[in-house]
Amino acid sequence: MMWWLSRYSDEGSAHTGPVSEVDKKPGVVWFRRDLRLEDNPAWAAATAAHDEIVAVFVIEPRLMNAAGEFRRDQLLAHLHALDDELRARGGGLVVRSGPAATAVPRLIGECEASAVYLNADVTPFSTARDQAIGESVTVPVHAFDGLTVHEPGAVLTKKGTLSQVFSPFYKTWSTTHRTPWPSDGAGRSVTIPGEPIPDPQGPVRQAPGETAAWDRLTAWLEVVDDYPDLRDLPAVDGTSNLSADLKFGTLAARTVADVIGIETPGRQAFVRQIAWRDWWAHTLALHPDLPNVALKARYDGIAWRDDPHGFERWCTGRTGYPIVDAGMRQLTQTGWMHNRVRMICASFLVKDLLIDWRKGERFFRHHLVDADIAQNAGNWQWVAGTGPDAAPYFRVFNPTSQAIKFDPDGDYVRTWVPELAHLRAPGIHEPSAADSADLQAAGITLEETYPLPIVDHSQARLRTLETYKRALK
Ligand SMILES: Cc1cc2nc3c(=O)[nH]c(=O)nc-3n(C[C@H](O)[C@H](O)[C@H](O)COP(=O)(O)OP(=O)(O)OC[C@H]3O[C@@H](n4cnc5c(N)ncnc54)[C@H](O)[C@@H]3O)c2cc1C
């Protein structure tokens, strides 16, 4: 039993584990963040237990309103692809819109289903929703863990607690026995009337569906050994780009970890990141308020600055720090940002502008195609120094030296901040320090074609250290 599911297992309405005899009544598989048929424990268990499966996805207004255009369109494209997969198995995806707490019980009644199958999530929204549904339906709800490699709560210290430091967590994670997933049975997809799946409104970032996701995974397998050398270079295509597949579940994290394996240092470095993902999921399951409250409570007293102008400049990529502006523009123009640059941009908001990390977390969450509350809030708290295993608060990224180190030729900045394209590296990373002849030759007029820095990094650093120190007294 997953630890958070025990919260809604009263009166036997939520169940886990194998289901034995084949049922003549249909089973409902409620898809959420597991938009695949392969390596999907909820789907597998349903096909083993029922002749007929009604596959449903509920388009919840709350989730759709929270999603930026890239995430919304990627989701819709994945739903079309899942529908195609299910049609090939005789049925299709039944789409309903509205709150799931109403739509799911209604669907169960309409198709006279005898059970519901789902893969559980750890966000506060989904646990509350699942709890409400578990309590309101009369059929069993079989919940599985298809989200992580090890289900949240499975990787604990000898004392039964969650390690507050990642390395020991990873050590235990690497040797923890996995709960086996059920195997597919012979049940087939059937359909009942639903709503048409809306079409994406713009170009979709990645080819949709699990087959395309598998293609991305197998292509990554060819180059994963270069990961340690290339992963920090935002100008290079040196990371897997699998985060959105893990977010939507077109690939299972378990599958990704198994396919990559740990035979070489590159593979080990990659799988370690998948373990970070598990760690943040464990953390959110234990601390549902991760997006709202500093996990190190003493940091809650930081006197954040109210700076709408600075925040607006950060959001729109006009801070005068080219690496930050490049990252924020990559985010808003594509729905994705390189990990190293996510760290630099987040650090700039928190430590240079002294703006509350929660504001940045919300902005990222809206725009990221891979937005995942556990990963996003966990990483924001890590950057702010308020979360577990975070760097000490007095370690403050210098955006310019980070840029010179990780974008040495300036190509990343050149791509996203085209008005600086004609400046050479390393000067491209600090246009305000370039001499006027170079600026003129590159067609740049500071404050007209590109802003001066909105804050002086060294002064901002001192201000942050003072403010943090005061909060920690
Ligand atoms: C401020 C901030 C916010 C972030 N928000 C998110 C988010 O909302 N969703 C999200 O999936 N990742 C988030 N990350 C983590 C990381 O930036 C992305 O997972 C990564 O950039 C995705 O690209 P990739 O798949 O090519 O990564 P790769 O480098 O190829 O990594 C492989 C996988 O490992 C996992 N991973 C890698 N780095 C991390 C990490 N630091 N923490 C947790 N998991 C990681 C991801 O699932 C990723 O897909 C955030 C990082 C920061 C610093």
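## Quick look at unusual backbone geometry
Then step 1. A cis amide bond, omega 0 degrees, links Ala425 with the succeeding residue Pro426.
Then step 2. Inspection of the secondary structure assignment puts Pro426 in the loop between α18 (411–416) and α19 (436–441).
Then step 3. In this model, Glu112 sits at a positive phi of 50 degrees, which is unusual for a non-glycine residue.
Then step 4. With respect to the element layout, Glu112 can be found in the loop between α4 (100–111) and β5 (115–119).
Then step 5. Owing to a relative accessible area of 54%, Glu112 belongs among the exposed residues under this scheme.
Then step 6. For Asn241, which is not a glycine, the phi torsion comes out positive at approximately 60 degrees.
Then step 7. With respect to the helices, strands and loops of the structure, Asn241 is situated in the loop between α8 (227–230) and α9 (243–248).

## As for the packing of aromatic side chains
Then step 1. The tally for this structure, following the rule as stated, stands at 24 aromatic pairs.
Then step 2. Here the aromatic rings of Phe31 and Trp43 are separated by 6.4 Å at their centres, their planes lie at 35 degrees, and the arrangement is tilted. Placement of Phe31 in strand β2 (residues 27–31) and of Trp43 in helix α1 (residues 41–49) is noted, with a sequence separation of 12 residues between them.
Then step 3. Its relative accessible area of 1% is what places Phe31 among the buried residues.
Then step 4. An aromatic cluster is defined as three or more aromatic residues linked by ring pairs; in this entry it consists of Phe166, Phe169, Tyr170, Trp173, Trp276, Trp279 and Trp280.

## Here's the deal with the site of the ligand
Then step 1. Taken together, the neighbourhood of the ligand is formed by 27 residues, with Tyr227, Thr239, Ser240, Asn241 and Asn339 sitting nearest.
Then step 2. With respect to the ligand, the backbone of Asn241 contributes an N or O atom lying 2.6 Å from an oxygen atom.
Then step 3. For the ligand, an oxygen atom lies 3.1 Å from a polar atom in the backbone of Asp372.
Then step 4. Only α9, α11 (265–286), α14 (339–352) and α16 (373–384) provide two or more residues apiece to the shell around the ligand.
Then step 5. Of the residues forming the shell around the ligand, the biggest block, five residues, is contributed by α11.
Then step 6. Class assignment for the residues of the shell around the ligand results in 14 nonpolar, nine polar and four charged.

## Considering helix α5 (residues 124–136)
Then step 1. Over its 13 residues, α5 runs 18 Å from end to end, which matches the ideal 18 Å to within 8%, given 1.5 Å per residue.
Then step 2. Within α5, the full set of buried residues consists of Ser126, Thr127, Arg129, Asp130, Ile133 and Gly134. Axial view of α5: buried residues confined to an arc of 165 degrees, hence all on one face.

## Quick word on the environment of Thr464
Then step 1. Secondary-structure assignment places Thr464 in helix α20 (residues 457–472).
Then step 2. Owing to a relative accessible area of 0%, Thr464 belongs among the buried residues under this scheme.
Then step 3. Each C-alpha atom of the pair Thr464 and Val350 lies 8.5 Å from the other, and the pair is 114 residues apart in sequence.
Then step 4. Setting aside residues no more than four positions away along its own chain, Thr464 makes contact with Val350, Lys351, Asp352 and Leu354.
Then step 5. A distance of 2.4 Å separates a polar atom in the side chain of Thr464 from the backbone oxygen of Lys351.

The rules behind the values
- Counting starts from 1 at the beginning of each chain's written sequence and moves along it residue by residue.
- For a predicted model such as this one, the threshold for reporting local features is a pLDDT of at least 70, and the threshold for listing and counting side-chain atom pairs is 80 or more; totals across whole chains, interfaces and linings nevertheless cover every residue.
- To get the side-chain values, all heavy atoms of the structure are used, and hydrogens and water are removed first.
- We count a stretch as a helix when DSSP gives it H or I for four or more residues in a row; a strand needs E for two or more, and each element gets its number in order from the N terminus.
- Think of it in three bands: with a 1.4 Å probe and only protein chains considered, a residue is buried below 20% of the maximum accessible area for its type, exposed above 50%, and partly exposed in between.
- Any Phe, Tyr or Trp ring, taking Trp's six-membered ring, that has another such ring centre within 6.5 Å forms a pair; planes under 30 degrees apart are called stacked, those over 60 apart edge-to-face, and the others tilted.
- If a single non-hydrogen atom of a residue is within 4 Å of a molecule or strand, that residue counts as near it.
- Pairs of N or O atoms within 3.5 Å make up the polar contacts considered here, provided that, within protein, one atom can donate a hydrogen while the other can accept it, and that residues adjacent in sequence are counted only when both atoms are side-chain atoms.
- Each residue gets one label: Ala, Val, Leu, Ile, Met, Phe, Trp, Tyr, Cys and Pro are nonpolar, Asp, Glu, Lys and Arg are charged, and the others, such as Gly, are polar.
- Residue count minus one, scaled by 1.5 Å, sets the expected span of a helix.
- By definition, the arc is the one covered by directions from the helix axis to the C-beta atoms.
- Note on contacts: a residue pair qualifies if any of its non-hydrogen atoms lie within 4.5 Å across the two residues.

Read these as geometric descriptors, not functional statements.
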